[in-house]
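For reference, the chains in residue letters:
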Amino acid sequence: MDRGQLAYDNFLKGYNCSQSVILAYSDFFPEESLETVIKISSSFGGGMGRLREVCGTVSGAFMVLGEVYGYKEAGDGERKKDLYSRIQEFAARFEKENGSIVCRTLLGLKGKSDAVPEERTKEYYLRRPCPGYCRSSASLLQQYLMENGVLDEEGKRI
């Protein structure tokens, strides 16, 4: 299973960057929760609502890492430390491969964009590197999860 390609294809279907990565890992979420997860991740597209902050593909990967390694008890300092360490490691991998984890830097923009999403036309896809970042993020996450025994060599959850 090539989760990078799944994320790439999800973006081309019209999902935002964060949703595209989340959907590439939809099997990590209970079916009854998936709609909620997709709706929550919709807020992170365009670097958090087109604010052009943390790349939505990175935010999507962070959400998957939270599902796998996250904690729910308020005082669980060890799990919190472990999760944050994993988040930082993933961010470093994405930055090494792509140059930044910040949307505006990746897109060569000066600052935030207005709230109106661009129409998804053929020209949009030709000039926008976002599908590639979706692929990169989901692929890096797949590699990380394989290294850590969460996915098998075919990319399926163990």
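Since we're looking at a predicted model, the values are computed, not measured.

Here we look at the overall build of the chain
Counting secondary structure elements, the chain contains nine helices and zero strands. In sequence order, the secondary structure elements of the chain are arranged as α-α-α-α-α-α-α-α-α. The C-alpha radius of gyration computed for the chain amounts to 15 Å, which stays within 12% of the reference 15 Å derived for 158 residues, consistent with globular compactness. A principal-axis box enclosing the C-alpha atoms of the chain has dimensions of 45 × 30 × 30 Å. Long-range contacts, defined here as pairs at least 24 residues apart, represent 67% of the contacts in the chain between residues at least 6 apart. Carbon together with sulfur atoms contributes 51% to the accessible area of the chain, which is approximately 8700 Å² in total.

Details of the packing of aromatic side chains
Within the structure shown, the criterion is met by six aromatic pairs. Ring geometry for Tyr124 and Tyr125: centres 5.3 Å apart, planes at 85 degrees, overall edge-to-face. Among the aromatic residues, those joined into a cluster by ring pairs are Phe11, Tyr124 and Tyr125. Between the NZ or CZ atom of Arg86 and the centre of the ring of Tyr69, over which it lies, the distance is 3.7 Å. Geometry around Tyr8 places Arg135 over its ring, the cationic atom sitting 4.0 Å from the centre.

Definitions and limits used
Residues numbered from 1 in each chain as written. Predicted model: local features only at pLDDT ≥ 70, side-chain atom pairs only at ≥ 80, totals over all residues. Heavy atoms only, no water. Helix = DSSP H or I, 4+ residues; strand = E, 2+ residues; numbered from the N terminus. Rg over C-alpha atoms; globule rule 2.2 N^0.38 Å. Contact = heavy atoms within 4.5 Å. Areas by Shrake-Rupley, 256 points an atom, 1.4 Å probe, with all protein chains shown as cover. Phe/Tyr/Trp six-rings, centres within 6.5 Å; stacked < 30°, edge-to-face > 60°. Lys NZ or Arg CZ within 6 Å of the ring centre and 35° of its normal.

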